Amino acid sequence: MAEDGRPSADAGGTERTASPTGKRPLVLVVDDDDDIADSIGDVLRGGGYDVEQVGDGHAALASATRARPALVLLDWRLPNEPAGSALVRKLRDACGPVPVVVLSADPQALQEARAAQVSDYLPKPFDVNDLLALVDEHCD
């Protein structure tokens, strides 16, 4: 919802209304590449989402515990621990059954992510429309 109370439009022009609490869904973006995180954040904000960006597993845990995101977009190959399946486990221990979507350019990450029972997987590079569709699916 726009600041003036009108519904906001996503990148495809579709109007998106606020959640029943009046807030836009919060998506936590966890990626150690600032350029990628910024690009994802810009796309999601344009699509009507609130976004918090962090660059490592410790910051992700702190943010998720404090903010309770509707969705976590997770770069599977973070440079420091916790990362990967250990981070998914810790996020769920801290926040309950938050959906986690893995973003990765590493084809092996798909198998590891499936074993960690993540909600979904999107290979990098990805089309922004595919990203928005996936976020919409998990936040509605």
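This one's a predicted model, so the numbers in the text were calculated from it and none came from an experiment. (Residues numbered from 1 in each chain as written. Predicted model: local features only at pLDDT ≥ 70, side-chain atom pairs only at ≥ 80, totals over all residues. Heavy atoms only, no water.)

K.L.:
For the overall build of the chain, give the residues involved together with the corresponding values.
P.N.:
The number of helices and strands found in the chain is five helices and seven strands. Start at the N end of the chain and walk to the C end: the helices and strands fall as β-β-β-α-β-α-β-α-β-α-β-α. With 140 residues in all, the chain has 45% of them scored as buried. Residue pairs in contact within the chain that sit at least 24 positions apart in sequence constitute 62% of those at least 6 positions apart. Accessible area for the chain stands at about 7,200 Å²; split by element, carbon and sulfur atoms hold 49% of it. (Helix = DSSP H or I, 4+ residues; strand = E, 2+ residues; numbered from the N terminus. Buried < 20%, exposed > 50% of the residue type's maximum accessible area, 1.4 Å probe, protein only. Contact = heavy atoms within 4.5 Å. Areas by Shrake-Rupley, 256 points an atom, 1.4 Å probe, with all protein chains shown as cover.)

K.L.:
Provide a residue-level description of the environment of Asp75, including the pertinent values.
P.N.:
With respect to the helices, strands and loops of the structure, Asp75 is situated in strand β5 (residues 71-75). According to the relative accessible area criterion, Asp75 is buried, its value standing at 7%. Once the C-alpha coordinates of Asp75 and Val102 are considered, the two residues, 27 residues apart in sequence, prove to be 5.9 Å apart. Non-local contacts of Asp75, meaning those with residues more than four positions away in its chain, are made with Val30, Asp31, Asp32, Leu103 and Lys124.

K.L.:
Hey, could you go over the packing of helix α1 (residues 34-46) against helix α5 (residues 128-139) for me, with residue numbers and the actual values?
P.N.:
Relative placement of two packed helices is described by the angle separating their axes and the distance separating the axes. Where α1 meets α5, the closest approach of the two axes is 10 Å, and the angle between their N-to-C directions is 60°. In terms of crossing hand, the pair formed by α1 and α5 is right-handed. Contact with α1, carried on its side by Ile40, Val43 and Leu44, involves Val128, Leu131, Leu132 and Val135 of α5 and no other residues of that element. Residue composition of the contact of α1 with α5, grouped by class: seven nonpolar, no polar and no charged. (Axes fitted to C-alpha atoms, helices over the stretch in contact; angles between N-to-C directions. Left-handed = near helix turned anticlockwise from the far one by under 90°. Nonpolar A, V, L, I, M, F, W, Y, C, P; charged D, E, K, R; others polar.)

K.L.:
An account of the packing of helix α2 (residues 57-67) against helix α3 (residues 84-95) is needed here, citing residue identities and associated values.
P.N.:
Running from N to C, α2 and α3 point in directions that differ by 20°, and their axes come no closer than 9 Å. In terms of orientation, α2 lies roughly parallel with respect to α3. Crossing of α2 over α3 shows right-handed handedness. Within the contact between the two elements, α2 uses Gly57, Ala60, Leu61, Ala64 and Thr65 and α3 uses Leu87, Lys90, Leu91, Ala94 and Cys95. Of the residues assigned to the contact of α2 with α3, the class counts are seven nonpolar, two polar and one charged. (Parallel < 35°, antiparallel > 145°, perpendicular 65-115°, else oblique.)

K.L.:
Break down the pattern of salt bridges for me, citing the residues and quoting the values.
P.N.:
All chains considered together, the criterion is met by seven salt bridges. Among the ionic pairs, Asp106 bridges to Arg77, the shortest N-O distance being 2.8 Å. In this pair, Asp106 is assigned in the loop between β6 (100-104) and α4 (107-115) and Arg77 in the loop between β5 and α3, connecting sequence segments 29 residues apart. With relative accessibility at 24%, the residue Asp106 sits in the partly exposed group. Among the charged side chains, a salt-bridge network with shared partners connects Asp31, Asp75 and Lys124. (Salt bridge = Lys/Arg side-chain N within 4 Å of Asp/Glu carboxyl O.)

K.L.:
For α4, give the residues involved together with the corresponding values.
P.N.:
Where α4 begins, the side chain of Asp106 points an oxygen toward the backbone nitrogen of Gln108, at a separation of 2.9 Å. Gln117 sits one or two positions beyond α4 and adopts a positive phi of about 60°. (Polar contact = N/O pair within 3.5 Å; in protein donor to acceptor, adjacent residues only side chain to side chain.)

K.L.:
Tell me about unusual backbone geometry, and name the residues and values.
P.N.:
A cis geometry characterises the amide bond from Glu81 onward to Pro82, with omega recorded as -5°. With respect to the secondary-structure elements, Pro82 resides in the loop between β5 and α3. Lys124 connects to Pro125 through a cis peptide bond whose omega is -5°. The phi dihedral of Arg68 is positive, around 50°, even though this residue is not glycine.

Any functional reading would require information beyond the geometric quantities listed.
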